[in-house]
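Structural overview
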Amino acid sequence: MPGSSRAVAPTERLRDQVYRRMREELQSGLLEPGARLVELQLAKAYGVSRTPVREVLLQLAREGLLTPQERGYLVPVDTQKDVVDRLEVRRLLDARIARHAALEATEAEIAALRKTLERQRAAHEAGRARVFVERNTEFRSALREACRNALLRRCATMVDDVFQTMRGRLHETAANRELTLLCDGRILQALEQRDPDAAEAAVEAFIDALLAHFEADPPRV
C-alpha cells in the first residue's frame, strides 16, 4: 500500500493524477501481485476523497489491471496460462505494429527509436534493470506511435500494459535483457531498411522465445 508521502498535488484533475500514480505503482511492482486495494485506504494514502479513487479503480479493473472482489480490488496474480495467453495475443498485435512501423515511420521517429535503444543498452550495461525496463517501455511506445493504425495501437497498448509487471521481473536477469536488446535492434534495423517482413519476423521470434521461457519456467509470485 503506497504511503501518505505519495499524495497527489492539486495541479491537474484529481482523477487523472490518481490514475497515473496507480498505473505507475502497478507497473513498477510497488503494488505487488496479490495485494488487496481498499478504496478508503487508497484515498487516505493519496490525500484525496474517495470519489476519484473509486472511478480509477473501476477503470483499472475494466483495463484488466485489477480484479474486482466483494470488498475492494486485488492486484492480479498471473498464472502460467495467463502469461502464455497474453503472449499469444502480443505475437499477433506486436508483429503487425512492427510491420506498419517499417512502412510508415518517419525518419525522425526512427532516429528517436535509435536514441531510445542506445539508452536501453546503456542501462543494461550498467546493470540498472528498472531503468532498462523504463527505456524499453519508451521504445515500445515509440514503436506503436510509428504505426498509423490507431485501433491497432490501442489494442496493442492494452495488452502491453497488463504485461508490464511481468516484464519488470523478466528483465531482472541480464540474459533476458540481452534477448530484448537483440530483438529491438533487429526491429530498428528492419525499420531503417524499410523491411516490413524482417520487422514482423523479429517480433515473432522474440515472442516465441518468451513463450518457450514461460512454458518451461512458469511465473513465480
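Scroll up a little and you will see the structure.
To keep things clear, this report deals only with the structure shown in the data block.

So, how was this worked out
Residues numbered from 1 in each chain as written. Predicted model: local features only at pLDDT ≥ 70, side-chain atom pairs only at ≥ 80, totals over all residues. Heavy atoms only, no water. Helix = DSSP H or I, 4+ residues; strand = E, 2+ residues; numbered from the N terminus. Rg over C-alpha atoms; globule rule 2.2 N^0.38 Å. Buried < 20%, exposed > 50% of the residue type's maximum accessible area, 1.4 Å probe, protein only. Contact = heavy atoms within 4.5 Å. Areas by Shrake-Rupley, 256 points an atom, 1.4 Å probe, with all protein chains shown as cover. Lys, Arg positive; Asp, Glu negative; His and termini not counted. Charge placed at Lys NZ, Arg CZ, Asp CG, Glu CD. Pairing = 2+ DSSP bridges. Axes fitted to C-alpha atoms, helices over the stretch in contact; angles between N-to-C directions. Parallel < 35°, antiparallel > 145°, perpendicular 65-115°, else oblique. Left-handed = near helix turned anticlockwise from the far one by under 90°. Expected span 1.5 Å × (residues − 1). Polar contact = N/O pair within 3.5 Å; in protein donor to acceptor, adjacent residues only side chain to side chain. Salt bridge = Lys/Arg side-chain N within 4 Å of Asp/Glu carboxyl O.

A few words on the overall build of the protein. From N to C terminus, the protein includes 10 helices and three strands. From first element to last, N terminus to C terminus, the protein shows the α and β order α-β-α-α-β-β-α-α-α-α-α-α-α. Against the compact-globule benchmark of 17 Å for 221 residues, the protein has a radius of gyration of 18 Å, which places it among compact chains. Projected onto the principal axes, the alpha-carbon positions of the protein cover approximately 55 × 40 × 35 Å. A burial count over the protein gives 45% of its 221 residues as buried. Sequence-distant contacts, at least 24 apart, represent 74% of the contacts inside the protein between residues at least 6 apart. Per element, the accessible surface of the protein, about 11300 Å² overall, is 51% carbon and sulfur. In the protein, which carries 36 positive and 35 negative side-chain charges, the distance between the mean positions of the two groups comes to 5 Å.

Moving on, we come to the sheet that holds strand β1 (residues 36-37). Sheet strands pair via backbone hydrogen bonds, and the direction of the pair is either parallel or antiparallel. Spatially, β1-β3-β2 is the arrangement adopted by the three strands of the open sheet, whose pairing is antiparallel. The open sheet terminates on both sides in strands that have one partner only, identified here as β1 and β2 (67-69). Of the strand pairs in this sheet, β2 and strand β3 (residues 72-74) are connected by three bridges, and their pairing is antiparallel. Across the sheet, residue threonine 67 finds its bridge partner in β3, namely leucine 74.

Within the secondary structure, leucine 181 sits in helix α9 (residues 174-192). Look at leucine 181 and you get buried, because its relative accessible area is 9%. Here the alpha-carbon distance between leucine 181 and leucine 117, two residues 64 residues apart in the chain, equals 7.7 Å. Setting aside residues up to four positions removed in sequence, leucine 181 forms contacts with Leu117, Gln120, Arg121, His124 and Phe132.

Two numbers describe how helix α5 (residues 107-125) lies on helix α6 (residues 129-145): the axes approach to 8 Å, and their chain directions differ by 165°. The orientation of α5 with respect to α6, classified from their angle, is roughly antiparallel. As for how α5 packs across α6, the hand of that crossing is left-handed. Counting all contacts with α5, which are made through Glu109, Leu113, Thr116, Leu117, Arg119, Gln120, Ala123 and His124, the residues of α6 involved are Val131, Phe132, Arg135, Asn136, Glu138, Phe139, Ala142, Leu143 and Glu145.

Here we take up helix α7 (residues 150-161). Look at α7: 16 Å from first C-alpha to last across 12 residues, which is about the 16 Å you get at 1.5 Å a residue. Along α7, the positions that sit buried rather than exposed are Leu152, Ala156, Val159, Asp160 and Asp161. At the N-terminal boundary of α7, the capping side chain belongs to asparagine 149, with an oxygen 3.2 Å from the backbone nitrogen of leucine 151.

On to the pattern of salt bridges. If you walk through the whole model with that rule in mind, you get 21 salt bridges. Among the salt bridges present, the one from arginine 91 reaches aspartate 208, with a minimum N-O distance of 2.8 Å. Note that arginine 91 is positioned in helix α4 (residues 80-104) and aspartate 208 in helix α10 (residues 196-216), a separation of 117 residues in sequence. Salt-bridge contacts for arginine 140 lead to aspartate 160; the nearest nitrogen and oxygen are separated by 2.5 Å. Taken together, the residues span a long stretch of sequence, with arginine 140 in helix α6 and aspartate 160 in helix α7 at a distance of 20 residues. Each member of the pair arginine 140 and aspartate 160 is classed as buried. Put simply, Arg90, Asp94, Arg140, Arg144 and Asp160 are held in one network by salt bridges that share partners.

As far as function goes, none of this settles anything; it's purely spatial.
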